[in-house]
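# What the coordinates show
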Amino acid sequence: MKQPLFTGSGVAIVTPFTHDGVDLPSLGRLIDFQLEHHTDAIIICGTTGEAATMTYGERMRAIEFCVERVSGRVPVIAGTGSNCTENAITMSKDAQRAGADALLVVTPYYNKATQEGLVRHYRSIADAVTTPLILYNVPSRTGVSISPETCARLAEHPQIAGIKEASGNLGNIQKIRNLCPQDFAIWSGNDDEVVPICALGGSGVISVVANILPEQMHQLVQLCLDNDFAAAGKLQLALKPVCDAMFCEVNPIPVKSALAMMGWKVGPLRLPLCSPSIPHLEQIQSVLDAFHLLPQ
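Residues numbered from 1 in each chain as written. Predicted model: local features only at pLDDT ≥ 70, side-chain atom pairs only at ≥ 80, totals over all residues. Heavy atoms only, no water.

### Topic: the overall build of the protein chain
The cut-off we apply is this: Every helix listed is a DSSP run of H or I at least four residues long, and every strand listed is a run of E at least two residues long, numbered separately from the N terminus. Note that the radius of gyration is over C-alpha atoms, with the globule rule given as 2.2 Å times the number of residues to the power 0.38. Exposure classes here rest on a 1.4 Å probe applied to the protein chains alone. A residue is buried below 20% of its type maximum, exposed above 50%, and partly exposed in between. Residues count as neighbours in contact if any of their non-hydrogen atoms are within 4.5 Å of one another. In these tables, accessible area is a Shrake-Rupley quantity obtained with a 1.4 Å probe, and a residue counts as shielded only by the protein chains included in the view. Charge assignment in this entry is limited to Lys and Arg as positive and Asp and Glu as negative, and neither His nor the chain termini are counted. We put the charge of a Lys on NZ, of an Arg on CZ, of an Asp on CG and of a Glu on CD.
In terms of regular secondary structure, the protein chain is built from twelve helices and eight strands. A compact globule built from 296 residues should have a C-alpha radius of gyration of about 19 Å, and the protein chain, at 18 Å, falls within 12% of that. Per-residue burial for the protein chain yields a buried fraction of 57% across its 296 residues. The long-range share in the protein chain, meaning contacts at least 24 apart out of those at least 6 apart in sequence, stands at 71%. Of the accessible surface of the protein chain, which amounts to about 12200 Å², a share of 52% is contributed by carbon and sulfur atoms. Positive and negative side-chain charges of the protein chain, numbering 21 and 28 respectively, have mean locations separated by a distance of 5 Å.

In structure tokens form, the structure reads like this:
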């Protein structure tokens, strides 16, 4: 029986940058804020953390720092995906040595692997580590989707603990739940699908919105876990404007802009990401104002 890595709301935390590198003191303050407001796991160097534009050294130092700062209070899950299997293996081994509790591995982008290629890719990584591995299915970014049947094959591996599902395909998520063992966890990768995925047996969310509303995202999952789906549905609907604003442009452009408006020191986005348009800035500011998140 696989032990659940976490239930609840895990934050896909942003990476604060200076013009010279990662701003570790600011990252530390963001981590502290998350822990103070009941986030259930920290996901470091994922999509929201702009890992694709970080050097290998920056990624490893950020993971090491996060593990040190969290100090065992919640699980630390490190993004170690790559479109090169050997690179993903190397990164996964190094993240394991750094003390990460689990690895989040996105499907290999650009290569557009077959389903058999995905099986071999993930099994090769899982065979190389003893740290649990989470599959990450986000076809809108990678151009390839893990089929439910492939997910079932991968769920047989003792190191593959679950999947972050950001496909938006609730039908496939139902198939995954039916085909995979009950100890294979499913986390929502979309903030506006937490309730339906939890209703299908999901374990929570790996969240962008939790960067700015950690307590509310924790509460949303807790209501689901408490089987109070009436209250959870109401909260999901109330949070919908925030979810929409945080994805009005490609993640993490809106959420880093929101954090800056809230007074957090997060530094610049790294090209090719850039500042949002004026209408989207106004949308972000409006929703922050509605949720009383702007400095007075």
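Still more to cover.
### Describing the pattern of salt bridges
Worth spelling out the cut-off: Take a side-chain nitrogen of Lys or Arg and a carboxyl oxygen of Asp or Glu: if they are within 4 Å of each other, that pair is a salt bridge.
In total, this model carries eleven salt bridges according to the counting rule given. Taking the shortest distance from any N to any O, the salt bridge between R61 and E64 comes out at 3.6 Å. You can see R61 and its partner E64 sitting in helix α2 (residues 56–70), three residues apart, about one turn around the helix. Judged by its relative accessible area of 32%, E64 falls in the partly exposed class.

### Section: the side chain of E58
The topology assignment puts E58 in helix α2. Among the residues examined, E58 registers a relative accessible area of 15% and is labelled buried. Here E58 is in contact with G21, V22, T53 and R270, once residues within four sequence places are set aside.

### Focus: the environment of D32
With respect to the helices and strands, the residue D32 is situated in helix α1 (residues 24–36). We classify D32 as partly exposed; its relative accessible area is 22%. C-alpha of D32 to C-alpha of L294: the two residues are 262 residues apart in sequence and 19 Å apart in space. The contact partners of D32, leaving out residues within four places of it in the chain, are R69 and R73.

### Digging into helix α10 (residues 229–246)
The cut-off we apply is this: Between the first and last residue of a helix there are one fewer steps than residues, each counted as 1.5 Å, and that sum is the expected span. Two axes enter the bend calculation: one fitted to the seven residues ending at the residue in question, the other to the seven starting there, and the bend is the angle between them.
Given a rise of 1.5 Å per residue, 18 residues ought to cover 26 Å, and the 24 Å separating the end C-alpha atoms of α10 matches this to within 8%. If you look at α10, its biggest bend is around 40°, right at L239, and the proline P241 turns up within four residues after that. Taken together, the buried positions of α10 are occupied by A232, L235, Q236, L239, V242, C243, A245 and M246. Next to the buried residues of α10 lie α8 (194–199), α9 (214–225), α11 (253–261) and α12 (278–290).

### A word on the nonpolar core
For clarity, the threshold we go by: Residue types Ala, Val, Leu, Ile, Met, Phe, Trp, Tyr and Cys, when buried and joined through side-chain atoms within 4.5 Å, form a set referred to as a nonpolar core.
Residues I44, I63, L135, F184, I212 and M246 are the most contacted members of the largest nonpolar core, which totals 87 residues. Discounting chain neighbours no more than four positions away, the residues touching F184 are L135, C151, A155, I160, A161, G162, I163, I176 and R177.

### Focus: the pairing of strand β5 (residues 133–137)
Quick reminder of the rule: We call a crossover right-handed when, viewed with the strands running away from us, the connection from the first strand over the helix to the second turns clockwise. Following DSSP output, two strands are said to pair if at least two bridges run between them.
The element β5 is largely enclosed, with a buried count of five among its five residues. Here β5 shows two buried faces, one formed by L133, L135 and N137 and the other by I134 and Y136. Between strand β4 (residues 102–106) and its parallel partner β5, the chain crosses via helix α4 (residues 115–128), and the hand of that crossover is right-handed. Relative to strand β6 (residues 160–165), β5 runs parallel, the two being bridged by five bridges. Of the residues in β6, the one forming a bridge with Y136 is K164.

### A look at the packing of aromatic side chains
Aromatic ring pairs are reported here in terms of the distance separating the ring centres and the angle at which the planes meet. Using the following cut-off: The rule is short: rings of Phe, Tyr and Trp, with Trp giving its six-membered ring, pair when the centres are within 6.5 Å, and they are stacked under 30 degrees, edge-to-face over 60, tilted in between. Two conditions define a charge sitting above a ring: the NZ of Lys or the CZ of Arg must be within 6 Å of the ring centre, and it must be within 35 degrees of the ring normal.
Per the counting criterion, the structure on display carries two aromatic pairs. An angle of 15° between the planes, with centres 5.1 Å apart, marks the rings of F6 and W187 as stacked. Placement of the pair is F6 in the segment before β1 (8–12) and W187 in strand β7 (residues 185–188), with a sequence separation of 181 residues. There is no split in this pair, since F6 and W187 are both buried. Positioned above the aromatic ring of F17, the side-chain terminus of R270 is 3.9 Å from the ring centre.

### Comments concerning the pairing of β1
A large share of β1 lies buried, amounting to five of its five residues. Bridge count between β1 and strand β8 (residues 204–207): four bridges; the pairing is parallel. The residue bridging S9 from the neighbouring strand is V205, located in β8. Note that β1 and strand β2 (residues 41–44) share three bridges and pair parallel. Its bridge partner being in β2, V11 is matched across the sheet by I42. As a crossover connection, the stretch from β1 through α1 into β2 is right-handed.

Keep in mind these numbers describe shape, not what the thing actually does.
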